[in-house]
Amino acid sequence: MDHTQENEILIATQTYCVERPIYSYPALHGKLHKKDKVSDPIGDKIKRALSCTPKKIRNIIYMFLPICKWLPAYKPREYVFGDFVSGISTGVLHLPQGLAFAMLAAVPPVFGLYSSFYPVILYCFFGTSRHVSIGPFAVISLMIGGVAVRLVPDDMYVGGGGANSTNGTEERDAMRVKVAMSVTLLSGIIQFCLGVLRFGFVAIYLTEPLVRGFTTAAAVHVFTSMLKYLFGVKTKRHSGPFSVVYSTLAVIANVKKLNICSLVVGLMCFALLLGGKEFNERFKNKLPAPIPLEIVAVIIGTGISAGFNLEESYKVDVVGSLPLGLLAPATPDSSLFHLVYVDAIAIAIVGFSVTISMAKIFAVKHGYQVDGNQELIALGICNSIGSLFQTFSISCSLSRSLVQESTGGNTQLAGCLASLLILLVILAIGFLFESLPQTIWLTTFVSSLFLGLDYGLITAVIIALMTVIYRTQSPTYTVLGQLPNTDVYIDIDAYEEVKEHAGIKIFQINAPIYYANSDLYNNALRRKTGVNPALIMAARRKALKKHAKELGTQGKPKSSVVKVDEDAETGGEEEAKQEEQNEENAKPMTIDSLVQKTFPAELERFLPPGPNVHTMILDFSQVNFIDSVGVKTVSGILKEYGDVGIYVYLAACSAQVVNDLTRNRFFENPCVKELLFHSIHDAVLGAKVREALAQQEALAPPPEEDSEPIADPEE
């Protein structure tokens, strides 16, 4: 029997006996005395709130202008190349998407270029995400187009053919631009006000199932609205209920009038984009950056159209005039606000939802934080100020954001470079794309769809807001301690008699853990217990630097610096070698394999003083269910705390919670079940026994190896 099995048997056979009266609620509270909580006078609170210190001013500037925080810390040697490649790659994608999404917004194509320039520059100053690509987005553009077509239908200005028809089209487009600018300004004002009022918390309602349900329907709307450009037929644009059915039937009714040349060009570009996507995916590890097939399709399509004069010879619709230069600022028509305010609210919420969802994904991946309230303010500024320069509502584009991040982008300077490429098109070379066939629009959209159109959601937000109960979204979080000589654990802040166990933190939530409060649960755990794995990791990195610096001042070689397992200190990167993973899998599975203990003891003196916590106990006695998002959150907590050498136990789980955990593959690693305890007291005693055994093992002399007799050389 090995040492590990002996410890397991020893732990399993440990018993405890507690003698105490049966406590009813009155009897228990008769033995307790409430702590006297002294609150600060109102005058002191007001004085503290209105005080003006350099630190407070600096924090306000950092909060409102995040660029003031990250730009001085910019590392040119590490970031410049990645930002340059990312900016070029994103910029060439901005061009076809800007032109395409302007058509979805029912405005002339050049306004898509304006929307790809001004908001990107503004977001660089006010946004908190380093990787999202701000600009036109298909779902937002479709919503803008729906408003414009509803208020300015085709038959209002466009009549018969000839010069009157041309003038009517120009008047119609000018009026639709006014509508789009008004909606954009109003949605920007709404977003800015929501940000100032700290309404960024609505991001927690953006669950993956809700988002995908809405955006799948939105993708169908976009697809059907672009069919007429692929087939080259003239149909009326529809909006409102059943617009998908009406648009599809209109195309079918005019299928006899389809333009074969337009269809052939569209299918050729479609094949190019899909084939190129597969090529990029297959050789992504060998290519320094994905091949920008969208701009290749644009160049080829424009060349074919101009070379064969498709507009005159085969009646293929082209982009048309792209006037050079920037337009002078103009004030949107506020008299339209009463007609578009409902749409503006929906666009404001959906635009923010798209951006914060993508920003959170990249923030988690790259280890920084995004502020939902500041994102609302940033989008509000981009839309409200942008509307003065004839831009329509913008948001984060999934496909462009993936390109900006995957090609090495580190900061929003990559976005600024992309916007400068668009400025070059606006000021100098826009006329080169006037012969571009409109069927490019569908293929550009479909390529974005295949990359994954994952965000957008108004119906989901409404449903979530109606179904989530406030009490479960904002539960009470409590740190528990033990009533001495009992197995009773109650609020440590409420009673004087309650004491904490050294090295153990017990955290309780009085609500289920699900999508609406999982992020809040994680944040509250760190805040209430005072144990933050990210801060511990940062302190350890600083300790390593101090250790290296100390050795340098003593003249010792760098080889004397204590080495630390990088994979353990960084939480285990995906780039860990396969051989190391195989070796790890070959070891016997125990709960100790879930916790990394790689920080050398000789470096402890470099760490700042703080609580020496070895175990976190999550009290689930008041958790009646946990969904898939909550399970992922708890799994992340086990991983994060385990990476800094802290065990996480789950106590008092109900049968329903255990079933939820099992169904969501929480116990995929069998040894995770050893982290569950019947009660808080069982978990506390289990942690103490574990630490006692660990100390005994550390103090035990190393086993002596059997020495073999030295062979006689003469034998």
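Keep in mind the model is a prediction, meaning the values are calculated, not measured. (Residues numbered from 1 in each chain as written. Predicted model: local features only at pLDDT ≥ 70, side-chain atom pairs only at ≥ 80, totals over all residues. Heavy atoms only, no water.)

The next subject is the overall build of the chain. Along the chain, the regular secondary structure elements total 30 helices and eight strands. Expressed as a percentage of its 715 residues, the buried residues of the chain come to 48%. Summing over all exposed atoms, the chain offers an accessible surface of approximately 37,200 Å²; the carbon and sulfur share of this is 60%. (Helix = DSSP H or I, 4+ residues; strand = E, 2+ residues; numbered from the N terminus. Buried < 20%, exposed > 50% of the residue type's maximum accessible area, 1.4 Å probe, protein only. Areas by Shrake-Rupley, 256 points an atom, 1.4 Å probe, with all protein chains shown as cover.)

Looking now at the sheet that holds strand E7 (residues 647–651). Here six strands make up an open sheet; going across it, the order is E4-E3-E5-E6-E7-E8 and the pairing mixed. Of all strands in the sheet, those bounded by a partner on one side alone are strand E4 (489–491) and strand E8 (676–677). Both strand E6 (residues 615–619) and E7 contribute to a ladder of five bridges, which runs parallel. Across the sheet, threonine 615 pairs through a bridge with tyrosine 647, a residue of E7. Where helix H24 (residues 518–529) meets the sheet, its contacts fall on strand E3 (477–482), strand E5 (504–509) and E6, and the angle it forms with E5 comes to roughly 140°. (Pairing = 2+ DSSP bridges. Contact = heavy atoms within 4.5 Å. Axes fitted to C-alpha atoms, helices over the stretch in contact; angles between N-to-C directions.)

Two elements in contact, H24 and helix H28 (residues 628–642), have axes whose closest approach is 9 Å; the angle formed by their N-to-C orientations is 25°. The orientation of H24 with respect to H28, classified from their angle, is roughly parallel. With respect to the hand of their crossing, H24 and H28 are arranged in right-handed fashion. Contact with H24, carried on its side by Ser518, Tyr521, Asn522, Leu525 and Arg526, involves Val629, Gly630, Thr633, Ile637, Glu640 and Tyr641 of H28 and no other residues of that element. Its residues assigned to classes, the contact of H24 with H28 shows five nonpolar, four polar and two charged. (Parallel < 35°, antiparallel > 145°, perpendicular 65-115°, else oblique. Left-handed = near helix turned anticlockwise from the far one by under 90°. Nonpolar A, V, L, I, M, F, W, Y, C, P; charged D, E, K, R; others polar.)

Within a regular beta strand, the side chains point alternately toward one face of the sheet and then the other, so they alternate between its two faces. When you tally the buried positions in E7, you get five out of five residues, the bulk of the element. Of the two faces of E7, the one carrying Tyr647, Tyr649 and Ala651 and the one carrying Val648 and Leu650 are both buried. At this point the chain moves from E6, through H28, to the parallel E7, and the crossover so formed is right-handed. When E7 meets E8, the two strands line up parallel, connected through two bridges. Each bridged residue has a counterpart across the sheet, and for alanine 651 the counterpart in E8 is phenylalanine 677. In this fold, E7 hands off to helix H29 (residues 655–663), which returns the chain to E8; that crossover is right-handed. (Right-handed = clockwise from strand over helix to strand, strands pointing away.)

Within the fold, aspartate 619 resides in strand E6. Despite being buried, aspartate 619 has no salt bridge partner; lysine 528 is the closest side chain of opposite charge, sitting 13 Å away. A polar side-chain atom of aspartate 619 sits 2.6 Å from a polar atom in the side chain of glutamine 508. Only 2.9 Å separates the side chain of aspartate 619 from the side chain of serine 621, close enough to count as a polar contact. (Lys, Arg positive; Asp, Glu negative; His and termini not counted. Salt bridge = Lys/Arg side-chain N within 4 Å of Asp/Glu carboxyl O. Polar contact = N/O pair within 3.5 Å; in protein donor to acceptor, adjacent residues only side chain to side chain.)

It is worth spelling out the packing of helix H17 (residues 337–366) against helix H19 (residues 398–406) at this point. Between H17 and H19, whose axes approach to 11 Å, the crossing angle comes to 20°. Classified by the angle their axes make, H17 and H19 are roughly parallel. Viewed along their axes, H17 and H19 form a crossing whose handedness is right-handed. Contacts from Met358, Phe362, Lys365 and His366 in H17 reach Leu398, Ser401, Leu402 and Glu405 in H19.

Here we take up the side chain of threonine 478. Residue position: threonine 478 is located in strand E3. Its relative accessible area of 11% is what places threonine 478 among the buried residues. Once you skip the residues sitting within four places of it in the chain, threonine 478 turns out to touch Asp491, Ile506, Phe507 and Gln508.

Of all nine residues making up helix H8 (residues 118–126), seven are buried, and the element is well covered by its neighbours. Taken as a whole, H8 has its buried residues at Tyr118, Pro119, Val120, Leu122, Tyr123, Cys124 and Phe126.

Let's shift gears to a nonpolar patch on the surface. On the surface, Val245, Tyr246, Leu249 and Ile252 cluster together into a nonpolar patch covering about 390 Å² of accessible area. Residue position: leucine 249 is located in helix H13 (residues 243–253). (Patch = residues over 30% accessible without salt bridge, like charges linked within 9 Å, V, L, I, M, F, W, Y side chains within 5 Å.)

What follows deals with the packing of aromatic side chains. A complete count under the given rule lists 13 aromatic pairs for this structure. Centroid distance tyrosine 477 to phenylalanine 507: 5.8 Å. Interplanar angle 10°. Geometry classified as stacked. With tyrosine 477 in strand E3 and phenylalanine 507 in strand E5, the pair connects residues that are 30 residues apart, well separated along the chain. Residues tyrosine 477 and phenylalanine 507 agree in their burial class; the two are buried. Ring pairs connect the aromatic residues Phe117, Tyr118 and Phe389, which therefore count as one cluster. The cationic tip of arginine 130 hangs over the ring face of tyrosine 368; the distance from NZ or CZ to the ring centre is 4.4 Å. The ring centre of tyrosine 647 lies 3.7 Å from the NZ or CZ of arginine 690, which sits over that ring. (Phe/Tyr/Trp six-rings, centres within 6.5 Å; stacked < 30°, edge-to-face > 60°. Lys NZ or Arg CZ within 6 Å of the ring centre and 35° of its normal.)

This part covers the nonpolar core. If you look at the biggest cluster of nonpolar residues, it comprises 62 residues, and the most contacted ones within it are Val107, Val132 and Phe392. Here this core gets 14 residues from one element, more than from any other, and that element is H17. Every residue in contact with valine 107, bar those within four places of it in the chain, is listed here: Ala102, Arg176, Val177, Ala180 and Phe392. In terms of nonpolar packing, the next biggest core, distinct from the first, is built from 54 residues, Tyr477, Val498, Phe666 and Ala687 among them. (Core = buried A, V, L, I, M, F, W, Y, C linked by side-chain atoms within 4.5 Å.)

Moving on, we come to the confidence of the model for the chain. Overall, the predicted model of the chain reaches an average pLDDT of 76, with 70% of residues at or above 70. Across residues 434–439, confidence stays below pLDDT 50; counting only partners more than four residues off in sequence or on other chains, it has 34 contacts. In this model, residues 564–577 is a region of pLDDT below 50 whose contacts with residues beyond four sequence positions or in other chains number 24 contacts. (pLDDT = per-residue confidence, 0-100.)

Attention now moves to the pattern of salt bridges. Once the charged atoms of two side chains with opposite charge are near each other, the side chains can pair. The full count for this structure, using the stated rule, is 11 salt bridges. Notably, a salt bridge pairs aspartate 519 with lysine 360, separated by 3.2 Å at the nearest N-O pair. Of this pair, aspartate 519 sits in helix H24 while lysine 360 sits in helix H17; the two residues are 159 residues apart in sequence, bridging distant segments of the chain. For lysine 360, a relative accessible area of 28% gives the class partly exposed. A salt bridge links arginine 690 to glutamate 691, with the shortest nitrogen-to-oxygen separation between them at 2.6 Å. Take arginine 690 and glutamate 691: they sit in the same class, and that class is buried.

On to helix H6 (residues 76–104), then. With 29 residues, H6 ought to run about 42 Å at 1.5 Å a step, and its terminal C-alpha atoms sit 39 Å apart, in line with that. Most pronounced at histidine 94, the bend in H6 amounts to some 25°, and the proline proline 96 follows within four residues. Most of H6 is tucked away: 21 of the 29 residues are buried. Backbone geometry just after H6 places alanine 106 at a positive phi near 65°. (Expected span 1.5 Å × (residues − 1). Bend = angle between axes of the 7 residues up to and from the residue.)

What follows deals with the environment of serine 133. On the secondary structure map, serine 133 appears in the loop between H8 and strand E1 (134–135). Accessibility expressed as a relative area gives 2% for serine 133, which makes it buried. The spatial distance from the C-alpha of serine 133 to the C-alpha of valine 120 is 7.7 Å, given a sequence separation of 13 residues. Residues in contact with serine 133, not counting those within four places in the same chain, are Thr90, His94, Ser395, Cys396, Ser397, Arg400, Ser401 and Gln404.

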